[in-house]
Amino acid sequence: MKLNNMTKGMLVCLSLFAVIGCKKTGKEETAAEASAAQSAETETENIAENPASDFEYALTDDMSGVKIVSYKGERVNIRIPSEIEGMPVVELGESIFFRSGSNDKVASVIVPDSVTKLDEAVFSGSKSLRKVVLPEHITNLPSGAFSGCAALTSYIIPKHIKTIETSVFSGSGLESIVIPDDVTFIARSSGFGPGYVFSGCRELRSVTLPSTLTEIPDYMFDKCESLLSIDIPATVTRIGAHAFSGCTALDELIIPDSVVSIGKDAFDNLKVTSLVIPDSVTDLQCVFNTCKELESIHLPNSLTKIPNDMFWEECTKIKSLNLPESVTTIGEKAFSKMYNLEEVIIPDSLQSVSFTIYGNDSESFKDSKLPLATQKRLRDLGYTGRFRN
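Residues numbered from 1 in each chain as written. Predicted model: local features only at pLDDT ≥ 70, side-chain atom pairs only at ≥ 80, totals over all residues. Heavy atoms only, no water.

Explain the pairing of strand 9 (residues 131-135) to me, and be specific about the residues and the numbers.
Across the five residues of strand 9, five count as buried, placing the element largely inside the fold. As paired elements, strand 7 (residues 108-110) and strand 9 share three bridges and run parallel to each other. When the sheet's bridge partners are listed, Ile110 is paired in strand 9 with Val133. (Buried < 20%, exposed > 50% of the residue type's maximum accessible area, 1.4 Å probe, protein only. Helix = DSSP H or I, 4+ residues; strand = E, 2+ residues; numbered from the N terminus. Pairing = 2+ DSSP bridges.)

Right under this line is the structure:
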């Protein structure tokens, strides 16, 4: 097979996968820069196949073809051959550039149509990788596929990708991404849950989620400290543990009425000043004691238990909050050391509450200064601990 025919065939059946990563400067890109970027893309598309000698390879487990184990060549723009030693290249192994120490130089990869399987963390740790072209029959991005790809600043998910596994982009340089409606987040093949997809993407500012999404998995945006805003689709019913933990630039978050469950530390260290937990939420496991900028919050009227340490010590800017009419238990130190708390709205229908005992007494409102009438109402409900006078 002649190289020029092979190149033409592959260009027909491959779809553009990702991602030219040009760091944004905040200024409009000049015509010269745009021309250079376009030239670089054209050059990438026209590169010749790498020779087999650039790779370490082996037979696949089922001996149906060749598996690329690692890259040892010098080229920065790579076109993986479709055939080696007369056998089709059908699989790309785990961390194929990281294993050989070439992860600092590889800028682009074109994967041939012969490849049917991508192993976990296939491009992981490729610090200079900006672009990948995948065959149209590849429908899944495996776990950790682009984890740690620092130069991957922009990303367009092709139409043929239908599932994304855990940690696919974790620790990458992504600045923005749009997830199409027909993409589903799934657990990796080894069984680990579907979370951590964008965990540690410290430059990520903008995300568009699928309108069909039903769950924001655990740690999905953990430590995305540049994330400015996000729209949670009205189809989401669960926000996982640590889902938005460490999103320190996120100053507004609207939770839709479809959500019924919020996991542990889902909003840890958020800088939001106001938050409404809708009445649809019946399972609230997260606490807000690291949300130092929080000034107002609405707790859901469907809530039966307020967790331990919910607002303890750090929530000093909250002046007013409500006790849900359905609450039956208030955890230890739940409202302790809320030094500026001036009002607790207690519904008339609330007649009895169980206060968790810490040591010999309840400390649910310890060191929180409240009006005498509110103190009396809490005493009537069964609180025996101290207030701040």
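Give me the lowdown on the sheet that holds strand 20 (residues 283-284), citing residues and values where you can.
Pairing is parallel across the open sheet formed by four strands, whose spatial order is 16-17-18-20. Here the strands that pair on one side only, and so sit at the sheet edges, are strand 16 (215-216) and strand 20. Sheet topology note: the strand 17 (residues 238-239)/strand 18 (residues 261-262) ladder contains two bridges and is parallel. Residue pairing for strand 18: Arg238 is matched across the bridge by Ser261.

Residue-level account of the state of the cysteines, with values.
Scanning the entire structure with this criterion turns up zero disulfides. For the unlinked cysteine Cys247, the closest cysteine sulfur is that of Cys224, found at 5.3 Å. On the basis of relative accessible area, Cys247 is assigned to the buried category, the value being 0%. For Cys286, which is in no disulfide, the shortest distance to another cysteine sulfur is to Cys291 and amounts to 8.0 Å. Judged by relative accessible area, Cys286 falls into the buried class, the value being 0%. (Disulfide = S-S within 2.5 Å.)

Talk me through the environment of Cys201; I want residue IDs and the actual numbers.
Residue placement: Cys201 occurs in the loop between strand 14 (184-185) and strand 15 (206-208). Cys201 sits 26 residues away from Leu227 along the chain, and the two C-alpha atoms are 9.1 Å apart. When neighbours within four sequence positions are excluded, Cys201 is seen to be in contact with Phe169, Ser170, Gly171, Ser172, Lys223 and Cys224. (Contact = heavy atoms within 4.5 Å.)

Talk me through the environment of Lys127; I want residue IDs and the actual numbers.
Within the secondary structure, Lys127 is located in the loop between strand 8 (117-118) and strand 9. Considering only alpha carbons, one finds Lys127 and Ala150, 23 residues apart in sequence, at a separation of 4.9 Å. Discounting chain neighbours no more than four positions away, the residues touching Lys127 are Asn103, Asp104, Gly148, Ala150 and Ala151.

Account for unusual backbone geometry, naming residues and giving values.
Although it is not a glycine, Ser167 adopts a positive phi angle of roughly 60°. Positionally, Ser167 belongs in the loop between strand 12 (163-164) and strand 13 (176-178). Residue classification places Ser167 among the buried residues on the basis of a relative accessible area of 17%. A positive phi is found at Lys223, a non-glycine position, where the angle reads about 65°. Within the secondary structure layout, Lys223 lies in the loop between strand 16 and strand 17.

For the sheet that holds strand 22 (residues 305-306), give the residues involved together with the corresponding values.
Within a sheet, neighbouring strands are paired by backbone hydrogen bonds and run either parallel or antiparallel to one another. Strand order in the open sheet formed by three strands is 22-24-26, with parallel pairing between adjacent strands. Either end of the sheet is taken by a strand with one partner, and the two such strands are strand 22 and strand 26 (354-355). When strand 22 meets strand 24 (residues 329-330), the two strands line up parallel, connected through two bridges. Residue pairing across strands places Ile306 opposite Ile330, the latter belonging to strand 24.

Hey, could you go over the environment of Ser95 for me, with residue numbers and the actual values?
Here Ser95 shows up in the loop between strand 6 (87-92) and strand 7. Relative accessible area serves as the criterion here: at 11%, Ser95 is assigned to the buried category. Placed 26 residues apart in sequence, Ser95 and Ala121 show a C-alpha to C-alpha distance of 5.4 Å. With sequence-adjacent residues up to four places away left out, Ser95 is seen in contact with Glu120, Ala121, Val122 and Ser124.

Break down the pairing of strand 3 (residues 66-71) for me, citing the residues and quoting the values.
For a regular strand, side-chain orientation follows a simple rule: the groups alternate between the two sheet faces. Examined bridge by bridge, strand 2 (residues 55-59) and strand 3 share five bridges and lie antiparallel to one another. Each bridged residue has a counterpart across the sheet, and for Leu59 the counterpart in strand 3 is Val66. Adjacent in sequence and paired antiparallel, strand 2 and strand 3 are bridged by six residues, among which Met63 carries a positive phi angle near 60°. Where strand 3 meets strand 6, three bridges bridge the pair, whose relative direction is parallel. Across the sheet, residue Lys67 finds its bridge partner in strand 6, namely Glu91.

Summarise the nonpolar core; cite the residues concerned and give the values.
In terms of nonpolar packing, the biggest core is built from 102 residues, with Phe146, Phe198, Phe221, Phe244, Phe267, Phe288 and Phe311 touching the most fellow members. Among the elements of the structure, strand 3, strand 6, strand 9 and helix 3 (372-381) are those that each provide at least two residues to this core. At three residues, strand 3 tops the list of elements feeding residues into this core. Contact partners of Phe288, with chain neighbours within four places excluded, come to Phe267, Leu275, Ile277, Leu294, Ile297, Met310, Phe311 and Cys315. (Core = buried A, V, L, I, M, F, W, Y, C linked by side-chain atoms within 4.5 Å.)

Which residues make up the packing of aromatic side chains, and what values do they have?
Here the structure, examined in full by the defined rule, presents 20 aromatic pairs. Seen from their ring centres, Phe55 and Tyr71 are 5.5 Å apart, and the 55° between their planes marks the pair as tilted. Here Phe55, found in strand 2, pairs with Tyr71, found in strand 3; they are 16 residues apart in sequence, far enough to count as distant. The burial state of Phe55 is the same as that of Tyr71; both residues are buried. Residues Phe288 and Phe311 carry aromatic rings whose centres are separated by 5.6 Å and whose planes lie at 15° to one another, so their mutual orientation is stacked. Of this pair, Phe288 sits in the loop between strand 20 and strand 21 (296-298) while Phe311 sits in the loop between strand 22 and strand 23 (320-322), and the two are 23 residues apart along the sequence. For the residue pair Phe288 and Phe311, the accessibility class agrees, reading buried in each case. (Phe/Tyr/Trp six-rings, centres within 6.5 Å; stacked < 30°, edge-to-face > 60°.)

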